[in-house]
Structure formats: C-alpha cells, structure tokens
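# Observations on chain architecture
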Amino acid sequence: MSLYAIGDLHFSTLVEKPMNIFGDKWDKHEEKIISSWKDNVKEDDVVLVLGDTSWGINLTEAKPDLDIISNLCGNKIFIKGNHDYWWTTVTNLNKLYDNMKFLQTNFYEYGEYAICGGRGWICPNDFKFDDNDEKIYKREENRIRLSLQAAKKKGYSKFIVITHYPPTNDKLEESLFTNLYEEYGVEKVIYGHLHGKESFKMGLKGVRNGVEYILASCDYTDFNLIKIMD
C-alpha cells in the first residue's frame, strides 16, 4: 500500500473553465493527471487530493468530476479548496462513495499514521490580510487542531497533515499553522494552491524544525501524482 498526493485538479466536465488560460502547460491537463494516476496507483493505495478538485458550483455540477476520480484506482481522501463551492458537509459527502472520504476536523488511518488536516487559509502578510482574514486564519488553525486532537485521542502519535493553502506567507515566516505542526510533532505537511514559477517560490519546502513540507499542486508536479511513502 502506497500513499500518493496531488492538488488542484480543477476538473470541469460540466463547466466551461479551460485552464490553459494560465499557460500552454495546462493543455489537456486532466488527461495528464488521469494518465499518471493509471500508471502509478494500485487498488489498495491511498491518494490525498488537496483541494480545488472541481470547478462545479454545486454538487450536481461537480458530481461527474468526482465520478471520474472515484473510477480511478485507490482510496481517496479529500480536503476542501478555496474553489470547491460544491463542498457541502463531510457527513453528506462521505455517503456518496465507498472509495472516497472527505476530511474536516476528522481524520483517517493510514497504517500507523493518522491523516489529519483541513483547508487552511492565507497567513499574515504585507499584501492582503484584513480582519476577516484574521478570523478565518484562526478558525482554520483550530479546525486542523481538532483533527489532530481527534487522532491523538484515539492513540495515534504519528501524523501526516494535508491542507489546501500553504502553511506560511510569501516570506516563509512561522505561522499558527507551523507552530501547530511542531507542537504535535507532525512528520509531513502536504499542500497545494500555488500555481506558476513565481508562486512556487512562496511555498515552504523541505524539512524545517522537524516537519517536512511538500508542495503538490498539479502544475508544480507537472501533473503527476507524487509518492509520499510506501
């Protein structure tokens, strides 16, 4: 059983939203992702899907995209992205598929690890961070904390966290999120959201204070799923 990750699929079966407006690299990006998935993922593997999965505005529009993912190999764990307007409640979403689970304040088991996490939010920065951002920032940190607490209460001591937003601002400064991950001894944090070469520089990568940070937005990985561990 292997663990894979990819973020920002931006599938759009029922929505006219061509991603190649962001560059030719995005031409037929869905086909590239599906091809990588079929080449690598086996039925018993787990794939972490890091938000911005579908451009659907509601579940009716998103359902064909989710169906495509469900029909691919592996068990999938999803978190919400900033464009996932179709996301309802975890309780309702978890009734839809046997091989797809949705994460928010809960957690899922992967061997001896607990997969925890949540959407996250932008961190304090010099460009845009108002009182409303501050409120959401603290709320999202608390939601991820609840996820970690739930896993710890069940006896887990090894944690992998998945989020949509990066864990720091563009200057890679510490944040409520990085402090939380260090507090709980999280081993790996996997996230997406960032697109384009300039944005990639704003993503914390590698090991810092004992926590490994992994950027897995699909254009950063050249539309390939990345293997996190066996």
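Note that the structure is predicted; figures quoted are calculated from it, not measured.

Turning our attention to the overall build of the protein. Helix and strand content of the protein: six helices and eleven strands. Seen through its C-alpha atoms, the protein measures out along the principal axes to roughly 40 × 40 × 30 Å. Buried residues in the protein amount to 50% of all 230 residues. In the protein, the proportion of contacts linking residues at least 24 apart, taken out of those at least 6 apart, comes to 74%. For the protein, the accessible area works out to roughly 10800 Å², and carbon and sulfur atoms hold 48% of it.

All right, on to the packing of aromatic side chains then. Applying the stated criterion across every chain, the model contains twelve aromatic pairs. For the ring pair Phe-78 and Phe-102, a centre distance of 4.9 Å and an interplane angle of 20 degrees mean the geometry is stacked. Remark: Phe-102 occurs in strand S4 (residues 100-102) and Phe-78 occurs in strand S3 (residues 75-78); sequence separation between them is 24 residues. Comparing Phe-78 with Phe-102 shows no difference in burial state: the two are buried. In this structure an aromatic cluster arises from ring pairing among Phe-78, Trp-86, Trp-87 and Phe-102. Lys-17 extends its terminal NZ or CZ atom over the ring of Trp-55, reaching a point 4.6 Å from the ring centre.

A word on the sheet that holds strand S7 (residues 159-163). Strand order in the open sheet made by the six strands is S5-S6-S7-S8-S10-S9, with mixed pairing throughout. Of all the strands in the sheet, the pair left with one neighbour each is strand S5 (108-110) and strand S9 (206-208). The mean inter-strand angle of the sheet, taken between neighbouring strand axes irrespective of direction, is 30 degrees. Pairing of S7 with strand S8 (residues 188-191) involves three bridges; the strand directions are parallel. Counterpart to Ile-162 in the pairing with S8 is Ile-190. Against the sheet, helix H4 (residues 131-153) engages strand S6 (113-118) and S7, with an angle of about 160 degrees to S6. Sitting on the sheet, helix H5 (residues 176-183) is in contact with S7, S8, S9 and strand S10 (211-215), with an inclination near 130 degrees to S10.

This brings us to H4. A rise of 1.5 Å per residue sets the reference length of H4, with its 23 residues, at 33 Å; its end C-alpha atoms lie 33 Å apart and thus fit the reference within 8%. Within the span of H4, buried status applies to Asp-133, Ile-136, Tyr-137, Glu-140, Glu-141, Ile-144, Arg-145, Ser-147, Leu-148 and Ala-151. Elements in contact with the buried residues of H4: S6, S7 and H5. With a side-chain oxygen lying 3.1 Å from the backbone nitrogen of Asn-132, the N-terminal cap of H4 falls on Asp-130. Two residues or fewer after H4 comes Gly-155, characterised by a positive phi angle close to 100 degrees.

Before going further, it helps to examine the side chain of Asp-45. Turning to its location among the elements, Asp-45 is positioned in the loop between helix H1 (29-40) and strand S2 (46-49). Lys-42 is the oppositely charged side chain nearest to the buried, salt-bridge-free Asp-45, at an N-O distance of 5.3 Å. Among the polar contacts listed, one links the side chain of Asp-45 to the backbone nitrogen of Ser-2, at a separation of 2.7 Å. Excluding its chain neighbours within four sequence positions, the residues that come into contact with Asp-45 are Met-1, Ser-2, Tyr-4, Asn-40, Gly-74 and Asn-75.

Attention now goes to the sheet that holds S3. Pairing is mixed across the open sheet formed by five strands, whose spatial order is S4-S3-S2-S1-S11. Bordering the open sheet on either side are S4 and strand S11 (226-229), each of which pairs with just one other strand. Ignoring strand direction, the axes of neighbouring strands in this sheet form an average angle of 25 degrees. In the sheet, strand S1 (residues 3-6) pairs with S2 via four bridges, with the strands oriented parallel.

As a further point, take the pattern of salt bridges. Pairs can form between side chains of opposite charge whenever their charged atoms are close. Applying the stated criterion to the full structure yields 13 salt bridges. Of the charged contacts, one joins Glu-183 and Arg-145 as a salt bridge, the two residues approaching to 3.1 Å between their closest N and O atoms. You can see Glu-183 sitting in helix H5 and its partner Arg-145 sitting in helix H4, a full 38 residues away along the chain. Among the residues examined, Arg-145 registers a relative accessible area of 19% and is labelled buried. Each of Arg-119, Arg-139, Glu-140 and Arg-143 takes part in a single network of salt bridges with overlapping partners.

Rules used throughout
- Residues numbered from 1 in each chain as written.
- Predicted model: local features only at pLDDT ≥ 70, side-chain atom pairs only at ≥ 80, totals over all residues.
- Heavy atoms only, no water.
- Helix = DSSP H or I, 4+ residues; strand = E, 2+ residues; numbered from the N terminus.
- Buried < 20%, exposed > 50% of the residue type's maximum accessible area, 1.4 Å probe, protein only.
- Contact = heavy atoms within 4.5 Å.
- Areas by Shrake-Rupley, 256 points an atom, 1.4 Å probe, with all protein chains shown as cover.
- Phe/Tyr/Trp six-rings, centres within 6.5 Å; stacked < 30°, edge-to-face > 60°.
- Lys NZ or Arg CZ within 6 Å of the ring centre and 35° of its normal.
- Pairing = 2+ DSSP bridges.
- Axes fitted to C-alpha atoms, helices over the stretch in contact; angles between N-to-C directions.
- Expected span 1.5 Å × (residues − 1).
- Polar contact = N/O pair within 3.5 Å; in protein donor to acceptor, adjacent residues only side chain to side chain.
- Lys, Arg positive; Asp, Glu negative; His and termini not counted.
- Salt bridge = Lys/Arg side-chain N within 4 Å of Asp/Glu carboxyl O.

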